Amino acid sequence: MAPEQILTMAGQAMQRGDWPSAERILHDGLTSYPGHAELLGMMAIAVFRSGRPEQALEWFRRAAESGNRASDWANLGSALCDFGRFEEAHEALRKALAAAPSDAFTHFCLARALHGMGRSEEALDRIGAAIEAEPGDTGFRLLRAEIAAALDLRELASTDIDWLLQRRIGLFELLQSASLMLQVGRFGQALALYRSLAASHPDQFDAWLGVCLASERANDLAGLRQALERARSLASNPVQAAAVEQMRGKLAFRNGGFDEACGFFASAWAFHTDNARWKSQIGFDYCQSLDKAGRFADALRVCGAAHALQAAGAESNAAQEARAGFLQMLRKPAVAASGSVRVDDGRADPVFVVGFPRSGTTLLELILDSRPGLVSFDEKPYLVKTLMQYRSSGLAYPESLSMLDAPRIERLRNAYFDQLAVDGVDPQARPVDKNPLNWAYLPLVRALFPGAHVILALRHPLDVVLSCYMQNLRSAGNLFSSVARIAELYAEMVDYWQRLEPALDLPVLVSRYEDLVSDPEAGTRRIAEFLDLPWDAGWLDNSTHARGKAIIHTPSYAQVLEPLNTRAMGRWRNYRDLFDPAVLDVLRPAAESMGYSLD
């Protein structure tokens, strides 16, 4: 029998789903034609579809090496990705691409391999090529959303998520879309989708786990408890059991049972998984519980291990360039755009709450958001996106701020306020734009919003560095991946501020975290006076407003539900060994210039 006839018979069996018959036909054919690439390739598919992926992998390899066909190399690369063998997959897929440079599936598989290797910027280019070739493929869109979310390109990820939800997609794609919504900060929509999936698929573990995750972020502890009971009853393998233990730890932590939380997180942390992102998040959760339980040495050990998991593999060129570019911007001569053109368009210039991350900016935001006439929107990159539009016009930042004329300023103001409108921010209220590192972009604020008020949040630098280190903070340039990097960034920011402040020509109020939590009335009265607002006792009740807000999108989402307290002051003293002499030498000049002692 000729190979073509064997392929036809095997293909008919596969169309019927009769994989054993297809294997027998192909096995007999390969006895007569042992090196026939098409027979080997079809055998690989038949074995794979029969549920034996490891055996299929070797058949894929034999087919690729025998015929050197692009499709066989691509199939081999895809199978290797399934096993997490991304380096090997990359090599196979390079051969596939050389033979078929425009093949969409090959570009898709290359994106998977590159993303798995930590080369996500390159992966984004490859998945873009796949989508350009086949724009209607839901799998391609899902992968791009995943890569974009990992790169913190939230707008691109959201575009693909919304595209997917407008199509008829299966349960897996819906679950992945909900998970990506959580990653990009769309917690309310994620919760609604997970609840819908749990209702329509009541025996689906991942749907109930998603309800747990989203409920915790939405501060719905009753919803978390209920969903967790259901998830526990459905867990049927070690991965699911570890995920349940993590959620039990979160619930215990939120209820103040820190020792109990440590036990649950320890169980999840002990589980072996190749998913470094998930394992590192368990580590940061565990670290927080150990800290609250007073087990400071253990907290530091686990936190270091969590950071090590995130740092596994070489840092990408894009991350290095992003970090270097940000630091280079801070080191440029300070330009404050004093005397810039004013545009009166009838819109109130925002209040900008800035400072180093973990300095109490979320607390300030919630205090202000509770005041009539003010409205906040959590941490949104509105100003950064406006800066991107500024740069897209060919202007250097900050050197060319003086070139902004009235039409350009009007376009950029529109670009900023249009983002607020898209997100449904009340146009009649004065915006409160809280994004800590907008501290670095105050010259742009002065140029576009000369009527703005700025509140600079300060906190003891050692508490700030420690808090940043013990949180799972993501940034484009991995700015928070080590104590040394965080200390360097703090020193650079303070040096930048010292040079900028005298020329800024904007009203700035310095709000020290320690003063605000020690004497809330005095601290909030200063803020009210600064903004020319009346003061009443409602300024002191941030926790009630936070609970009513339901979803807070920052790492402080749990803490701000508590009444004002001083428990976070001086926390660094429990971790003195974390701050070696080199770190202290970097921080000391900056700390002293901002009124703090490191002794």
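Below: a short report on this structure. From a predicted model like this one, the values you see are computed outputs, not experimental measurements.

We now examine the nonpolar core. Counting 133 residues, the largest nonpolar core has F356, W439 and F579 as its most contacted members. At 11 residues, helix α25 (residues 483-500) tops the list of elements feeding residues into this core. Beyond its immediate sequence surroundings of up to four residues, W439 is in contact with V354, G355, F356, L456, M493, V494, Y496, W497 and M594. Core analysis: the next-biggest nonpolar cluster, separate from the first, contains 49 residues, L39, M43, V47 and I131 among them.

With that settled, the discussion passes to helix α11 (residues 171-183). Note: α-helices contain 3.6 residues per turn, so residues at a spacing of three or four share the same orientation. Over its 13 residues, α11 runs 19 Å from end to end, which matches the ideal 18 Å to within 8%, given 1.5 Å per residue. For α11, the set of buried residues is L174, L175, S177, A178, L180, M181 and L182. Structurally, α11 contributes buried residues whose contacts are with α9 (138-150), α10 (154-165), α12 (187-200) and α13 (205-217). Following α11 by one or two positions, G185 adopts a phi angle in the positive range, close to 90°.

Two elements in contact, α12 and α13, have axes separated by 8 Å at closest approach and are oriented at 150°. It follows that α12 is roughly antiparallel to α13 by the angle criterion. Where α12 crosses over α13, the handedness of that crossing is left-handed. In this structure, α12 contributes F187, A190, L191, Y194, R195, L197 and A198 to the contact, and α13 contributes D206, A207, W208, G210, V211, A214, S215 and R217.

In this section: the environment of A406. You can see A406 is positioned in helix α22 (residues 406-422). Each C-alpha atom, one on A406 and one on F264, is 59 Å from the other, the two residues being 142 residues apart in sequence. Once residues within four sequence positions are removed from consideration, A406 is found in contact with V341 and V343.

Let us look at the packing of aromatic side chains. Under the criterion given, the structure shown has 18 aromatic pairs. Ring plane angle 70° and centroid distance 5.2 Å describe the contact between F356 and Y490, whose orientation is recorded as edge-to-face. One end of the pair, F356, is in the loop between β1 (351-355) and α20 (361-369); the other, Y490, is in helix α25, and 134 residues separate them in sequence. For the pair F356 and Y490, one class covers both residues: buried. These aromatic residues form a ring-pair network of at least three members: F352, F377, Y382, Y416, F417 and F449. The positively charged end of R141 is found above the aromatic ring belonging to W163, 4.4 Å away from the centroid. When the ring centre of W269 is taken as origin, the NZ or CZ atom of K279, which lies over that ring, is 4.9 Å away.

Here we come to unusual backbone geometry. The linkage connecting Y397 with the following residue, P398, adopts the cis geometry, with an omega of 0°. For P398, the location among the structural elements is in the loop between α21 (382-392) and α22. The phi angle at D505 is positive, at roughly 60°, despite the residue not being glycine. Here D505 is to be found in the loop between α25 and β5 (508-512). In this model, D532 sits at a positive phi of 55°, which is unusual for a non-glycine residue. In this fold, D532 is placed in the loop between α27 (520-530) and α28 (542-549). The exposure class of D532 is exposed, given its relative accessible area of 70%.

To continue, consider the pairing of β1. Burial of β1 is extensive: 5 of the 5 residues sit out of reach of the surface. Sheet analysis places β1 next to strand β3 (residues 430-434), joined by 3 bridges and oriented parallel. Counterpart to F352 in the pairing with β3 is D433. Strand direction decides the pairing type here: β1 and strand β4 (residues 453-458), joined by 5 bridges, are parallel. Paired with F352 across the bridge in β4 is V454.

What counts and how
- Residues numbered from 1 in each chain as written.
- Predicted model: local features only at pLDDT ≥ 70, side-chain atom pairs only at ≥ 80, totals over all residues.
- Heavy atoms only, no water.
- Core = buried A, V, L, I, M, F, W, Y, C linked by side-chain atoms within 4.5 Å.
- Buried < 20%, exposed > 50% of the residue type's maximum accessible area, 1.4 Å probe, protein only.
- Helix = DSSP H or I, 4+ residues; strand = E, 2+ residues; numbered from the N terminus.
- Contact = heavy atoms within 4.5 Å.
- Expected span 1.5 Å × (residues − 1).
- Axes fitted to C-alpha atoms, helices over the stretch in contact; angles between N-to-C directions.
- Parallel < 35°, antiparallel > 145°, perpendicular 65-115°, else oblique.
- Left-handed = near helix turned anticlockwise from the far one by under 90°.
- Phe/Tyr/Trp six-rings, centres within 6.5 Å; stacked < 30°, edge-to-face > 60°.
- Lys NZ or Arg CZ within 6 Å of the ring centre and 35° of its normal.
- Pairing = 2+ DSSP bridges.

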